[in-house]
Amino acid sequence: MTSEKMKISIRDLHKSFGSNHVLRGVGLDVADGQSLVVIGGSGSGKSVLLKCVLGLIKPDNGAIEIDGANIARQTGGDRRLIADLSGMLFQGGALFDSLKVWENVAFRLVYAEKKPRKLARDKAIDCLAQVGLAPEVGDLSPAELSGGMQKRVGLARAIAADPEILFFDEPTTGLDPIMADVINNLIVDRVKALGATTISITHDMASARKIADEIAMLYQGRIIWRGKPDAIENSGNPMVDQFVHGRAEGPIQMQVRREFAKKK
Amino acid sequence: MNVVAATGRLTLDATREIGRIANFAARGGTAWFVGPFYWRAFWDALARIGYASLPVVGLTAIFTGAALALNIYEGSLFNVEAFLPQILGVSIVRELGPVLAALMVAGRCSSAMAAEIGTMRVTEQIDALSTLSVDPFKYLIAPRIIATTIALPLLVLVADLIGVYGGYLVAVYALGFEPTLYVTNLVDFLNSEDVTSGLIKATVFGFLISVMGCYYGYTSRGGAGGVGSATRTAVVAAAVSVLASNYLMTSLLVDI
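Residues numbered from 1 in each chain as written. Chains lettered and ligands numbered in written order. Predicted model: local features only at pLDDT ≥ 70, side-chain atom pairs only at ≥ 80, totals over all residues.

A.B. asks: Looking at this structure, I do not really get the sheet that holds strand β2 (residues 20–31) of chain A. What am I missing?
C.D. replies: Neighbouring strands of a sheet are bound in pairs by backbone hydrogen bonds; such pairs are parallel or else antiparallel. All names here are of chain A. The strand order β2-β1-β4-β5 describes an open sheet built from 4 strands, whose pairing is antiparallel. A single partner strand is all that each edge strand has here, and the edge strands are β2 and β5 (69–70). Relative to β5, strand β4 (residues 61–66) runs antiparallel, the two sharing 2 bridges. Pairing of E65 across the sheet is with N70, part of β5. (Pairing = 2+ DSSP bridges. Helix = DSSP H or I, 4+ residues; strand = E, 2+ residues; numbered from the N terminus.)

Here it is in structure tokens:
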């Protein structure tokens with residue numbers, strides 16, 4: 001532990017779904033203003049970890065402290081603490097398809113903060129401009145946007161209420177490399193402008209290197225390595241090494257290979 | 001032995017599911033007791049469920065009324081001019097109006113609610129609502145439940161009028177009844193309790209239909225297949241709950 005003020009502290013977090021023990025004692029500290037990227041393979045528990053922090057899934061055990069207050073056991077109205085403080089960019093955008101783009105961006109302002117629609121619309125158009133989208137985009141429906149534009153709208157929605165904490169769930173998944181880099185740049189730029197604390201989950205190493213102050217690797221429900229992005233190449237951990245270099249051979253055995261081996 | 005175990009398991013599963021639905025209904029039905037109230041979502045739901053269901057409910061009622069008039073005429077042995085409007089009026093107002101309107105709304109709106117909310121669930125839009133500090137029960141569920149519970153009695157009132165008018169058209173123009181006599185016999189025989197019992201039923205039906213649509217949508221899982229399955233189950237559950245509760249309420253209301 002450092003003497004830095006911790007914005008988010010996760011201690012000994014456990015979560016199971018039936019016999020599937022997804023999180024097996026995750027511990028993470030994220031300092032105020034720090035950008036932490038959690039990497040890990042598909043099914044390693046990254047999304048479950050993020051949903052536990054967001055209060056969308058209740059952990060079985062452990063503590064999640066935001067500014068020192070444990071929110072792991074909170075329900076209903078109390079859970080709004082984390083929602084009020086944070087913004088989230090979902091993997092698929094999760095834009096409300098029954099609303100126009102500007103209404104999506106201004107959603108929290110209109111429905112949670114009860115701001116006048118005119119004021120909220122102006123703020124939404126400003127947020128769209130911050131992510132490089134023209135004001136006319138605001139009047140389109142989300143279905144009329146490309147994948148990259150939907151991510152940008154999702155980012156605009158996440159930052160619209162000037163949150164203290166930002167969460168990014170696979171921010172570059174499904175995008176071409178150039179658009180992925182555009183999104184990464186926007187994330188770095190906006191996070192810096194807001195001074196927000198962020199937790200991102202991804203398996204895109206280019207994205208992780210770009211947006212992280214620190215990278216942590218989740219494997220089989222535990223954090224197995226944590227360090228600076230430039231240290232990941234020489235982590236000394238064979239599992240991290242295999243993941244970073246995307247090798248099929250190594251200590252991390254894919255499920256399909258184990259099943260195949262059993263049959264043999 | 002296996003049959004006994006399977007029956008026991010089925011009973012436990014059914015009881016658990018009914019418990020979950022009751023819990024969901026209580027949470028959804030009471031979500032608006034404390035603000036915030038999302039009036040825009042409510043008016044939108046009221047327009048889609050109430051106003052937009054008028055044509056289908058009206059068409060069902062007019063053809064049912066017309067067919068019923070022919071059946072009653074065919075089956076009557078004497079004094080048909082008096083009996084036809086009376087039997088038709090009571091049948092439409094107490095039974096057919098509420099049940100047929102409810103089944104039409106169940107088919108039209110319960111499926112739409114399950115599909116819409118189910119799609120929002122599998123595309124993480126419901127999670128997004130929570131992260132934007134908006135309670136999905138207040139924004140999505142409560143407006144739909146309240147709008148359907150209010151809209152269905154109003155639709156049934158319209159269905160009653162149109163159904164009786166359908167019978168009137170057949171009686172007067174096809175069977176040669178005296179129009180004034182038809183109306184007099186109808187109005188003299190029907191009492192306020194007939195109409196009230198139909199409207200009480202409609203209120204309960206509206207609540208049940210919306211709860212089924214919202215519940216199966218909200219709990220759907222697993223992409224397009226899950227949403228399709230939720231939609232199917234919602235319509236069946238809504239229709240069965242309408243028919244079962246109709247019997248229960250009729251057995252209670254016939255003594256009024």
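A.B. asks: Would you explain helix α7 (residues 177–194) of chain A in this entry?
C.D. replies: Because the α-helix completes a turn every 3.6 residues, residues three or four places apart line up on one side. All names here are of chain A. Here α7 is 18 residues long and its end C-alpha atoms lie 26 Å apart, about the 26 Å a rise of 1.5 Å per residue gives. Among the residues making up α7, those that are buried are A180, I183, N184, L186, I187, R190 and V191. Angular distribution of buried residues about the axis of α7 spans 165 degrees; they occupy a single face of the element. Exposed side chains of α7 directed beyond 90 degrees from the buried face belong to P177, I178, D189, K192 and A193. Among the structural elements, β3 (35–39), α5 (117–130), α6 (147–159), β7 (165–169), β8 (197–202) and α8 (205–211) are those in contact with the buried residues of α7. Immediately beyond the C-terminal end of α7, within one or two residues, lies G195, with a positive phi of roughly 70 degrees. (Expected span 1.5 Å × (residues − 1). Buried ≥ 20, exposed ≤ 12 C-beta atoms within 10 Å, placed from the backbone. Arc of directions from axis to C-beta. Contact = placed C-beta atoms within 7 Å.)

A.B. asks: What's the story with the interface of chain B and chain A in this structure? I'm lost.
C.D. replies: A common measure of how large an interface is: the accessible area buried when the components associate. Listed per partner, the contact involves 12 residues of chain B and 15 residues of chain A. Looking at the side of chain B that touches chain A, its residues break down into 5 nonpolar, 5 polar and 2 charged. (Nonpolar A, V, L, I, M, F, W, Y, C, P; charged D, E, K, R; others polar.)

A.B. asks: Would you mind going over the packing of helix α2 (residues 39–49) of chain B against helix α6 (residues 136–174) of chain B with me for this structure?
C.D. replies: For any two helices packed against each other, one specifies the inter-axial angle together with the distance between the axes. All names here are of chain B. Close contact between α2 and α6 brings their axes to 8 Å; oriented N to C, the two are set at 45 degrees. Between α2 and α6, the angle is such that the two are oblique. Relative to α6, α2 is oriented so that their crossing is right-handed. Contacts between α2 and α6 involve A41, F42, A45, L46 and I49 from the former and Y139, P143, R144, I146, A147, T148, I150 and A151 from the latter. (Axes fitted to C-alpha atoms, helices over the stretch in contact; angles between N-to-C directions. Parallel < 35°, antiparallel > 145°, perpendicular 65-115°, else oblique. Left-handed = near helix turned anticlockwise from the far one by under 90°.)

A.B. asks: Even after reading the chapter, I still don't get the nonpolar core, so can you show me in this structure?
C.D. replies: Proteins that are soluble and globular tend to have nonpolar side chains buried together. Formed by 151 residues in total, the largest nonpolar core has its most connected members in A:V105, B:A101, B:A102 and B:I209. Residue contacts for A:V105: discarding those within four places in its chain leaves A:A124, A:C127, A:L128, A:V153, A:A156, A:R157 and A:A160. (Core = buried A, V, L, I, M, F, W, Y, C linked by C-beta atoms within 7 Å.)

A.B. asks: Any chance you could explain the pairing of strand β10 (residues 222–227) of chain A here in plain terms?
C.D. replies: In the case of a regular strand, side chains alternate between the two sheet surfaces. The pairing of strand β9 (residues 214–219) of chain A with β10(A) spans 5 bridges and is classified as antiparallel. Residue pairing across strands places A:A216 opposite A:R226, the latter belonging to β10(A).

A.B. asks: Help me out: how do you make sense of unusual backbone geometry in this one?
C.D. replies: Most of the time, phi is negative for any residue but glycine, and the peptide bond is trans. The residue A:Q220 is not glycine, and still its phi comes out positive at about 50 degrees. Tracing the backbone through its elements, the reader meets A:Q220 in the loop between β9 and β10. Despite not being glycine, B:E124 shows a phi value in the positive range, around 65 degrees. Looking at where B:E124 falls in the secondary structure, it is placed in the loop between α4 (80–122) and α5 (125–131).

A.B. asks: Would you explain the pairing of β2(A) in this entry?
C.D. replies: Residue and element names in this part refer to chain A. The pairing of strand β1 (residues 6–17) with β2 spans 9 bridges and is antiparallel. When the bridges of β2 are listed, K15 appears paired with L23. Taken together, β1 and the strand that follows it, β2, pair antiparallel across an intervening segment of 2 residues, in which G18 is found at a positive phi of about 65 degrees.

A.B. asks: Could you clarify how one ought to interpret the sheet that holds β3(A) in this entry?
C.D. replies: All names here are of chain A. Strand order in the open sheet formed by 6 strands is β6-β7-β8-β3-β9-β10, with mixed pairing between adjacent strands. Where the open sheet ends on each side, the last strands, each with one partner, are β6 (86–89) and β10. Going from strand to strand, the sheet's axes swing by 20 degrees on average, the running direction of each strand aside. Bridge count between β3 and β8: 5 bridges; the pairing is parallel. Its bridge partner being in β8, L36 is matched across the sheet by I199. Of the strands in this sheet, β3, β6, β7, β8 and β9 touch helix α1 (residues 46–54), which is tilted by about 150 degrees from β8. Packing of α6 onto the sheet brings it into contact with β6 and β7, and relative to β6 it is tilted by some 175 degrees.

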